[in-house]
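Structure at a glance
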Amino acid sequence: MIHRVTATEAALALVQRLKDRHGAVFFYQAGAGGDGGAPMCYAEGDMALLPDDVCLGEVMAGVPFHASCAQGDRLVGSQLRPRKPALPLKANPVTASFV
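First, a word on what this report is: a plain description of the structure on this page.

Further remarks concern the overall build of the chain. A count of helical and extended segments in the chain gives two helices and four strands. If you list the helices and strands of the chain from N to C, you get α-β-β-β-β-α. Classification of the 99 residues of the chain by burial places 39% in the buried group. Relative to all contacts within the chain whose residues are 6 or more apart in sequence, the contacts with residues 24 or more apart total 58%. Carbon and sulfur atoms make up 56% of the accessible area of the chain, which totals about 5,500 Å².

Put into structure tokens, the structure is as follows:
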């Protein structure tokens, strides 16, 4: 069985820091660009999900990883890892990369 979303211990520690600082957060992979673009991390309420967006799994307990429907279809059978410094959190952004 493929675990749809995986994260290293370092990534999990950073996600926990983001949760501590911003409250509930989630990742979103849009359908733009050749590879779909970088997953983005948002504080809950900073971005509205669309009805056809899909949840592909959780980065850690309580931190879902969503994707656009089109992107989700392209990612079937893939493992996803948060990567790149794409953290559009409003207050006190953390400068870090997910690779």
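Our next topic: helix 1 (residues 9–22). Given a rise of 1.5 Å per residue, 14 residues ought to cover 20 Å, and the 20 Å separating the end C-alpha atoms of helix 1 matches this to within 8%. Listed as buried for helix 1 are Ala11, Leu14, Val15, Leu18 and His22. Down the axis of helix 1, the sector holding all buried residues measures 100°, keeping them to one side. Turned more than 90 degrees from where helix 1 packs its buried face, Glu9 and Asp20 sit exposed. Where helix 1 is buried, its residues touch strand 1 (25–29), strand 2 (40–43), strand 3 (54–60) and strand 4 (63–67). Just beyond helix 1, the residue with positive phi is glycine 23, at close to 85°.

It is worth spelling out the sheet that holds strand 4 at this point. Strand pairs in the sheet, formed through backbone hydrogen bonds, run parallel or antiparallel to each other. Spatial strand order, 2-1-4-3: four strands in an open sheet with mixed pairing. Because the sheet does not close on itself, it has two edges, and the strands there are strand 2 and strand 3. Recorded for the sheet is a direction-independent mean angle of 30° between the axes of neighbouring strands. Here strand 1 runs beside strand 4; their pairing, made up of three bridges, is parallel. Across the sheet, glutamine 29 pairs through a bridge with alanine 67, a residue of strand 4. With respect to the sheet, helix 1 is in contact with strand 1, strand 2, strand 3 and strand 4, its orientation differing from that of strand 3 by roughly 100°.

Relative to the helices and strands, aspartate 46 resides in the loop between strand 2 and strand 3. Since its relative accessible area comes to 30%, aspartate 46 is described here as partly exposed.

Another point: the pairing of strand 3. Inspection of the sheet shows strand 3 paired to strand 4 by five bridges, in the antiparallel sense. Looking at strand 4, one finds that cysteine 55 is bridged to histidine 66. Count of turn residues in the strand 3/strand 4 antiparallel hairpin: two residues, of which glycine 62 carries a positive phi of about 80°.

Cut-offs and rules
- Residues numbered from 1 in each chain as written.
- Predicted model: local features only at pLDDT ≥ 70, side-chain atom pairs only at ≥ 80, totals over all residues.
- Heavy atoms only, no water.
- Helix = DSSP H or I, 4+ residues; strand = E, 2+ residues; numbered from the N terminus.
- Buried < 20%, exposed > 50% of the residue type's maximum accessible area, 1.4 Å probe, protein only.
- Contact = heavy atoms within 4.5 Å.
- Areas by Shrake-Rupley, 256 points an atom, 1.4 Å probe, with all protein chains shown as cover.
- Expected span 1.5 Å × (residues − 1).
- Arc of directions from axis to C-beta.
- Pairing = 2+ DSSP bridges.
- Axes fitted to C-alpha atoms, helices over the stretch in contact; angles between N-to-C directions.

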